[in-house]
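Examining the three-dimensional arrangement
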Amino acid sequence: RHLSILNSDAMKKFLIKLSYTVLPVFLLLFGLVAYVTLFICPKSDTGDLGNLALITFWPEYGQKIEEHEMKDTLFVKVNHTEDLRNIDVNVLTVGDSFSQQEHAGYQNYMPGEGLSVANCRRSLYDNPIQYAYNLMDWGMVDSTNVDVMVVEVGERDFALRIDNFGVDKVEVPEPDDPVEDDNEERNPNEWSLLRARDFVLYRFAGRSPVYVVDLKQDFFDSPEPRKLCFYGADIINGMTIDETIRHKVKEVFDLLTCMAQKRGIKLIFMLPVDKYDLYQDYIVDNPYAYPKRINEDVREILGDIPEVLLSKYYLQPLIDKGEKDIFLFDNSHWSYKSKIGRAVQQE
């Protein structure tokens, strides 16, 4: 009996101690997760930058842009590599997130001009350059089912993709370990302690992956027309093509071109400009002193040839004229105003 009383008293003391030590921490964490899940995530579900860094942008901005976008996706989506054996199209596109923008993507402009278009889903590969080479090497695409292949790689990962390329490599993920689609969004209502942790780090510890700077003039039809929000990797991943891989840029391009010629396909190599790069000259007191010049470097290495579509040379003149919303304010991708689909078509 005495032992039972002692145990009871000990349990009461333990519970009392919990009530002013562990319980407050638990309630604080629960409240933080609930706040981020119920209030921050739904409001940051606008644009990939909002999702990435839990930034609450304005839904009205995206709605305004969407009014001018095409409503339907007019190209064929290739969900499995084997599906390529059964396609018959004028244009096949293989690329990173710039090629995965559905009805707002550059591919959607081409069907309106009478071209049939197919796009390979991002989950089929990690490196678009490697995958495109593999498809031609294996004979899965040739002149019998594709006229033109567009291979697209953004500036941010261009050097890495080139450096990782190899003629003997195979760029097909295992079925049980697919590459996640670049445009696949997080569930805005998912209860996650990790997302709550991210919110604290991004807001209060200066760890946000999205950088914000001031611009010299209005470039966005948003409540903050002179703010530039861009993915920090635009500058972290390198401003130029390192001397050590410049030779490989030419080597890889020549290998792709020769393989395309062997298969009777016309190759277009497309390099989307990063958001930072396109607006860098208009940043107030730009703290990133060294200019980004990946597009310029590629032109120096490969020359000014129609098979290489360097998007900066199409879009920079529009920026210099003061055109708004070439890039989306809350996104790391172009808007419908870029008209890159028409540029691809002209090439």
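You'll find the structure just up there.
Another aspect to go through is the overall build of the chain. In terms of helices and strands, the chain carries 13 helices and eight strands. Buried residues in the chain amount to 46% of all 347 residues. On the chain, roughly 17600 Å² of surface is accessible, and the fraction owed to carbon and sulfur atoms is 53%.

This part covers the nonpolar core. Core analysis: the biggest nonpolar cluster contains 43 residues, and Leu84, Leu92, Cys120, Ile129, Val141, Phe158 and Val298 have the highest contact counts within it. Top element by residues in this core is helix α9 (residues 243-262). It accounts for seven residues. Beyond its immediate sequence surroundings of up to four residues, Val298 is in contact with Phe158, Ile241, Leu271, Gly303, Val308 and Leu310. By size, the runner-up hydrophobic cluster in this structure holds 31 residues, among which are Ile55, Val210, Phe230 and Leu278.

Counting through the fold element by element, Met70 comes out in the loop between α4 (59-66) and β1 (76-78). Taking relative accessible area as the criterion, Met70 reaches 30% and is therefore assigned partly exposed. Between the alpha carbons of Met70 and Asn108 there is a distance of 7.8 Å; along the sequence they are 38 residues apart. Those residues in contact with Met70, other than ones at most four positions away along the chain, are His103, Asn108 and Tyr109.

Notably, Asp285 is not glycine yet its phi reads approximately 45 degrees, a positive angle. For Asp285, a relative accessible area of 70% puts it in the exposed group. Phi at Asp325 is positive, roughly 60 degrees, even though this residue is not glycine. On the secondary structure map, Asp325 appears in the loop between α12 (312-320) and α13 (340-346).

Reading the values: rules and limits
- Residues numbered from 1 in each chain as written.
- Predicted model: local features only at pLDDT ≥ 70, side-chain atom pairs only at ≥ 80, totals over all residues.
- Heavy atoms only, no water.
- Helix = DSSP H or I, 4+ residues; strand = E, 2+ residues; numbered from the N terminus.
- Buried < 20%, exposed > 50% of the residue type's maximum accessible area, 1.4 Å probe, protein only.
- Areas by Shrake-Rupley, 256 points an atom, 1.4 Å probe, with all protein chains shown as cover.
- Core = buried A, V, L, I, M, F, W, Y, C linked by side-chain atoms within 4.5 Å.
- Contact = heavy atoms within 4.5 Å.

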